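Each chain, letter by letter, is given below.
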Amino acid sequence: AQSVTQLGSHVSVSEGALVLLRCNYSSSVPPYLFWYVQYPNQGLQLLLKYTTGATLVKGINGFEAEFKKSETSFHLTKPSAHMSDAAEYFCAVTDTGRRALTFGSGTRLQVQP
Amino acid sequence: DAGVIQSPRHEVTEMGQEVTLRCKPISGHDYLFWYRQTMMRGLELLIYFNNNVPIDDSGMPEDRFSAKMPNASFSTLKIQPSEPRDSAVYFCASSLGNSPLHFGNGTRLTVT
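Okay, so let's go over this structure.

Definitions and limits used
Residues numbered from 1 in each chain as written. Chains lettered and ligands numbered in written order. Predicted model: local features only at pLDDT ≥ 70, side-chain atom pairs only at ≥ 80, totals over all residues. Heavy atoms only, no water. Disulfide = S-S within 2.5 Å. Helix = DSSP H or I, 4+ residues; strand = E, 2+ residues; numbered from the N terminus. Pairing = 2+ DSSP bridges. Axes fitted to C-alpha atoms, helices over the stretch in contact; angles between N-to-C directions. Contact = heavy atoms within 4.5 Å. Buried area = accessible area lost by both parts, 1.4 Å probe. Salt bridge = Lys/Arg side-chain N within 4 Å of Asp/Glu carboxyl O. Polar contact = N/O pair within 3.5 Å; in protein donor to acceptor, adjacent residues only side chain to side chain. Nonpolar A, V, L, I, M, F, W, Y, C, P; charged D, E, K, R; others polar. Core = buried A, V, L, I, M, F, W, Y, C linked by side-chain atoms within 4.5 Å. Buried < 20%, exposed > 50% of the residue type's maximum accessible area, 1.4 Å probe, protein only.

1. Quick look at the state of the cysteines
All names here are of chain A.
Phase 1 of the analysis: Inspection of every chain in the model, using the stated rule, returns 2 disulfides over all chains.
Phase 2 of the analysis: In this model Cys23 forms its disulfide with Cys91; the gap between the sulfur atoms is 2.0 Å. The chirality of the disulfide connecting Cys23 with Cys91 is left-handed, given an S-S dihedral of about -65°. Taken as a pair, Cys23 in strand S3 (residues 19–26) and Cys91 in strand S9 (residues 87–95) lie far apart in primary sequence, 68 residues in all.

In structure tokens, the structure reads:
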């Protein structure tokens, strides 16, 4: 069975600081990995995805993530946090045999002025 | 592109009542998913359809829950009878083939 573990339910950073949100996956087959963002009272929006190919994936709003098979990780980073980045972030996994996503428990990002 | 449309946005009902949540997927998408989000359990897949046919309903909590997709542009999730523990935000999402899921804004259900 596939699963993802997000370390840290809450992360707080200062505006302009590096954002690092951690995600580790468990999958018996090559995974497809995703990061979604959820703003209050809204649905989830896709930030970026990894399927095959380049392991460093760039997404929207300056976010990127690196697929590291040796570490079974797919951490999300942004060099400089902005107040508008405050939201909840979800890592998700699937594979070629299954269309539905399995989500992590989420990490709430706070950005302090 | 209007996105995935869910209705109602909020639903408050009393225990024992029937609740129907509605979803209109993005036109042309062939997959439709129902997820439930709670503080305790996070985002859980309830059921998903491909070309209007249910593929995996193993996440449906119990017989009180049912989902239908009578055509490519409409799906319902019904709870009968509703219970307080069903209180959650229910999300519908759709996708085309291997493309990422597009989510609606959810229905916040409160059962008193």
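Still more to cover.
2. Focus: the sheet that holds strand S7 (residues 65–71) of chain B
Residue and element names in this part refer to chain B.
Phase 1 of the analysis: One open sheet holds the 4 strands; their spatial order is S1-S3-S8-S7, and the pairing between them is antiparallel. Because the sheet does not close on itself, it has two edges, and the strands there are strand S1 (5–7) and S7. Averaged over all neighbouring strand pairs, the angle between strand axes comes to 15°, with direction disregarded.
Phase 2 of the analysis: Inspection of the sheet shows strand S3 (residues 19–24) paired to strand S8 (residues 74–79) by 5 bridges, in the antiparallel sense. The residue of S8 that forms the bridge with Leu21 is Leu77.

3. Considerations on the sheet that holds strand S7 (residues 64–68) of chain A
Residues and elements named next belong to chain A.
Phase 1 of the analysis: Read from one edge to the other, the open sheet built from 5 strands follows the order S1-S3-S8-S7-S6, with strand pairing classed as antiparallel. One side of each edge strand has no neighbouring strand; the edge strands of this open sheet are strand S1 (3–7) and strand S6 (56–58). Within the sheet, the average angular offset between the axes of one strand and its neighbour, ignoring direction, is 20°.
Phase 2 of the analysis: Bridge analysis of S6 against S7 gives 3 bridges, and the strand direction is antiparallel. The residue of S7 that forms the bridge with Leu56 is Glu66.

4. Overview of the interface of chain B and chain A
Phase 1 of the analysis: Across the boundary between the two partners, chain B contributes 20 residues, which contact 15 residues of chain A.
Phase 2 of the analysis: When chain B packs against chain A, the two sides together hide about 1,500 Å² of surface, and 54% of this comes from carbon and sulfur.
Phase 3 of the analysis: For chain B, the biggest contributors to the area lost against chain A are Leu43(B), Pro100(B) and Phe103(B); these three give 33% of the whole.
Phase 4 of the analysis: Counting across the interface, chain B meets chain A through 0 salt bridges.
Phase 5 of the analysis: Our count for the chain B to chain A interface comes out at 5 residue pairs in polar contact (both at pLDDT 80 or more).
Phase 6 of the analysis: Looking at the side of chain B that touches chain A, the elements with two or more residues in it are strand S4 (31–38), strand S5 (42–50) and strand S9 (88–95) of chain B.
Phase 7 of the analysis: For the side of chain B that touches chain A, the residue count by class is 10 nonpolar, 7 polar and 3 charged.

5. A word on the nonpolar core
Phase 1 of the analysis: If you look at the biggest cluster of nonpolar residues, it comprises 27 residues, and the most contacted ones within it are Leu33(A), Trp35(A), Leu47(A), Leu48(A), Phe74(A), Leu76(A) and Tyr89(A).
Phase 2 of the analysis: Elements with a contribution of two residues or more to this core: strand S2 (10–14), S3, strand S4 (32–38), strand S5 (44–50), S7, strand S8 (73–78), S9 and strand S11 (107–112) of chain A.
Phase 3 of the analysis: Contacts of Leu47(A), omitting those with residues within four sequence positions, involve Trp35(A), Tyr36(A), Val37(A), Gly59(A), Ile60(A), Asn61(A), Phe63(A), Leu76(A) and Tyr89(A).
Phase 4 of the analysis: Leu21(B), Leu32(B), Ile47(B) and Phe65(B) belong to the second-largest nonpolar core, a separate cluster that totals 21 residues.

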